[in-house]
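# Coordinates in review
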Amino acid sequence: MTRSAITHGTGAPETSGAAAISPKARKRRKARASWTPAWVAYLQAAPMALVFLLFFVLPLAATFVVSFWNYTEYSIVPAFVTTNYSDVFYGCAASLPSLCTTFATYLSTLKFVAIVWVATLLIGFAVAYFLCFHVRTLPMQIALFMVCTIPFWTSNVIRMISWIPLLGRNGLVNETLQSVGLIDAPLEWLLYSDFAVALALIHLYTLFMVVPIFNSMMRIDKALVEAAYDAGASGWQTLTNVVIPLVKPGIVIGSIFVVTIVTGDYLTIGIMGGQQIASVGKIIQTQINFLQFPIAAANAIVLLAVVLLTIWGMLRLVDIRKEL
Amino acid sequence: MTDKTTTPFSRRSLLKGGVAVAGLAATARFSSFPTPAIAQEPVTLRYLSTAVNQSPGIAAKASEDLGITIEYIAVTTDDVAKRVITQPNSFDLVDTEYFALPKLLPSGNIMGLDANRIKLADKIASVLRNGTIGGKKVGMDGTAPAETLYLPSEKATEFAGEETGFLTLIPTTYNADTLGIRPDLIDGEVTSWASLLDPKFKGKAAILNIPSIGIMDAAMAIEARGDMTYGDKGNMTREEIDKTIAALIEAKRAGQFRAFWTDFNESVNLMASGEVVIQSMWSPAITAVRTQGIECRYQPLAEGYRAWASGFGLPPAIGEREKDAAYEFINWFLSGWAGAHLAKQGYYTAVLDTTKEAMEPYEWAYWFEGKPAEQDIMSPGGQLLEKAGATRDGGSYEERMGKVACWNAVMDENIYMIRKWNEFIAA
């Protein structure tokens, strides 16, 4: 009794206090599983957000704004004009059915995107498949994977330029073919041609396809493959019904890498194409060199829109978030 | 950085020295005051130009002779102009081409140099001052230095068009460009610019992908071929641009060009590897091919040369100390040693008399008089350029500069031209 009385006596304010606090606390606990205050999460995300804001969002916003400005030979003038965009598509309607500069450039870029995408996908898939299903031990897989990355220890440009002595008129390939007697005159189309550009792009960007596909493949439960075999599926059926559907996210991620990089690439196209093949990047560079920043900005925005549309299209095919 | 830290320091010393505050406000008047505080630290001049013009030898010698530290900022031709316009505070001295002036001057980021402070201003080569050599007029198509050398006043944004007391740029180097060829891979002689578009060299020709210069080389070739004549190759009308680009597209589709180049080194590689046997080229590139032991000639052509000139300009934002140092450096530059140093790389120099004094007689005879070399010709770095007995392609100074047909230029229709050029690249 005494105890209860005491409990009761001292307990009264306690319970009333607890009653006052606990619903709030309970609510808070229900909303989040963590004891850390909400703002900590924002703080943790802040550095990256800040970097993004400073080096991505702001420059992009500036590019967008400037694309509506006016310009002279030596200055850019704040304004709101759409002439830069109409200049980008100058003559596109009038010159039909022949293509205007912008359409011709995008068509040429699209051609390279298609060639490079198909080639890197086939090669990338094959390499990843070999690494994943044919190489049996993990150390060997890692070792071979590292071998794939070795060329990437040197610079992009050097890997590209090293093709030139190979493919040139007096290059290794031509000299070998001539000495063997297969050809009489050097093959001109080996260098400074569509072929050279496609070759260099495929060489440079296949790894971007290998990595995500390999990553997706390694996650496939081997039991699934066994089950397919047990159920009587042929090798081809297993590939098309089990492996490919499961590595789809890897394929899409790899494709996004390759497609976006090739669309914006102008260095490879410039060097391997002998600057005779147009690319959007080169057009932008020329305009910037002549201080035509607004039209260069407009071109960049159009390029960005094209790339975003492509990615959007690809993501419509496969919902990466669901698959991951 | 030195300049930024010293400026307030010297101002404060001046205040202590009892100089009126009114004088402080009018910073432009500073140079007339004798200021003992100024001599304490060596001045640094941030020297903006292309890498080709930035000889470490010149910086070392300037530091030795004048106590001025030269800090080179190396960028590409286009970037020099871009930087002058977008970052006028980032340099104290710019070495840029005259053809950039129609863009730079209206921006207000280049100020006139006072001829009274340049000792040898009236000794600058006549071809630059009034477009004559030995009294004979040279071609003035394009942005000729003679038309852009003078300003009516220090802060003017338009050219004077006649000799005045203010100069836009003090010439550093200039030269006459022509086609480079590989005589060992070519049958017969090349005598005309028309060869650049001659189907004989199908798949073995190259042109520069710097629109303003490339289109002039094309125009030289098209005019030489007899297809059309230009009013002013350096300032084409829209119709002329259309026709020129149409001719270029036709040649490109026929497979005339092996490649285009933008970087000096690309032209060296194209030529040295034999990918290209005839192309637009710059003089130091020819030298670079030759030092690899490969035959290469800077072929003089019947229609003449496309010339260019480069010179020192000052930004209006320059500090007083730096301005004094810049004038001192420019005077030193014209006084001989630097000129000789550059002339030994094949450039021509602003003041020929002082260059001659600073060179060995056999060097002067080879580089400027077109005579066979009495001794082996060495580069400033001590590399063998030519064996004794060789003569310079194109001959003497008078022969080469006297046959200038046009100058590197920026056209009035520049924006239109670049759009058409991009069309050519995309074709």
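Residues numbered from 1 in each chain as written. Chains lettered and ligands numbered in written order. Predicted model: local features only at pLDDT ≥ 70, side-chain atom pairs only at ≥ 80, totals over all residues.

The next thing to look at is the overall build of chain B. When helices and strands are counted, chain B shows 17 helices and 19 strands. Projecting the C-alpha coordinates of chain B onto the three principal axes gives extents of approximately 75 × 50 × 40 Å. Within chain B, buried positions represent 47% of all 427 residues. The long-range share in chain B, meaning contacts at least 24 apart out of those at least 6 apart in sequence, stands at 70%. (Helix = DSSP H or I, 4+ residues; strand = E, 2+ residues; numbered from the N terminus. Buried ≥ 20, exposed ≤ 12 C-beta atoms within 10 Å, placed from the backbone. Contact = placed C-beta atoms within 7 Å.)

This paragraph deals with the overall build of chain A. Counting secondary structure elements, chain A contains 15 helices and two strands. Within chain A, buried positions represent 30% of all 324 residues. Sequence-distant contacts, at least 24 apart, represent 68% of the contacts inside chain A between residues at least 6 apart.

It is worth spelling out the domain arrangement of chain B at this point. Residues and elements named next belong to chain B. Each domain of chain B was delimited in the assignment, giving domain 1 (3–176 + 307–358) and domain 2 (177–306 + 382–426). Taken together, the contacts link 23 residues of domain 1 with 25 residues of domain 2. When residues of the side of domain 1 that touches domain 2 are traced back to their parent elements, those giving at least two are helix 5 (101–104), strand 9 (170–177) and strand 15 (305–313). (Domains from an automatic or database assignment.)

Here we take up the interface of chain B and chain A. The interface is formed by 28 residues belonging to chain B together with 24 residues belonging to chain A. At the level of elements, helix 4 (77–86), helix 5, strand 12 (257–261) and helix 17 (414–426) of chain B are the ones that each hand at least two residues to the side of chain B that touches chain A. For the side of chain B that touches chain A, the element with the highest residue contribution is helix 17 of chain B, accounting for eight residues. Looking at the side of chain B that touches chain A residue by residue, the classes come out as 12 nonpolar, eight polar and eight charged. (Nonpolar A, V, L, I, M, F, W, Y, C, P; charged D, E, K, R; others polar.)

For the rest of this paragraph, the subject is the sheet that holds strand 10 (residues 179–181) of chain B. All names here are of chain B. In space, the five strands of this open sheet follow the order 12-11-13-10-14, with mixed pairing throughout. With partners counted over all chains shown, the strands left at the sheet margins are strand 12 and strand 14 (297–299), one partner each. In this sheet, neighbouring strand axes are inclined to one another by 25° on average, regardless of whether the strands run parallel or antiparallel. In the sheet, strand 11 (residues 205–208) pairs with strand 12 via four bridges, with the strands oriented parallel. Opposite leucine 208, over in strand 12, you have tryptophan 261 as the bridge partner. (Pairing = 2+ DSSP bridges. Axes fitted to C-alpha atoms, helices over the stretch in contact; angles between N-to-C directions.)

Residue and element names in this part refer to chain A. Its identity as a non-glycine residue notwithstanding, glutamine 275 has a phi of 60°, on the positive side. Mapped onto the elements, glutamine 275 comes out in the loop between helix 12 (267–272) and helix 13 (280–289). The phi angle at leucine 291 is positive, at roughly 60°, despite the residue not being glycine. By the element assignment, leucine 291 lies in the loop between helix 13 and helix 14 (293–317).

Once that is clear, we can look at the pairing of strand 2 (residues 69–74) of chain B. All names here are of chain B. The sheet contact formed by strand 1 (residues 44–49) and strand 2 spans six bridges and is parallel. Paired with tyrosine 47 across the bridge in strand 2 is tyrosine 72. Remark: the strand 1/helix 3 (residues 56–66)/strand 2 crossover connection has right-handed handedness. (Right-handed = clockwise from strand over helix to strand, strands pointing away.)

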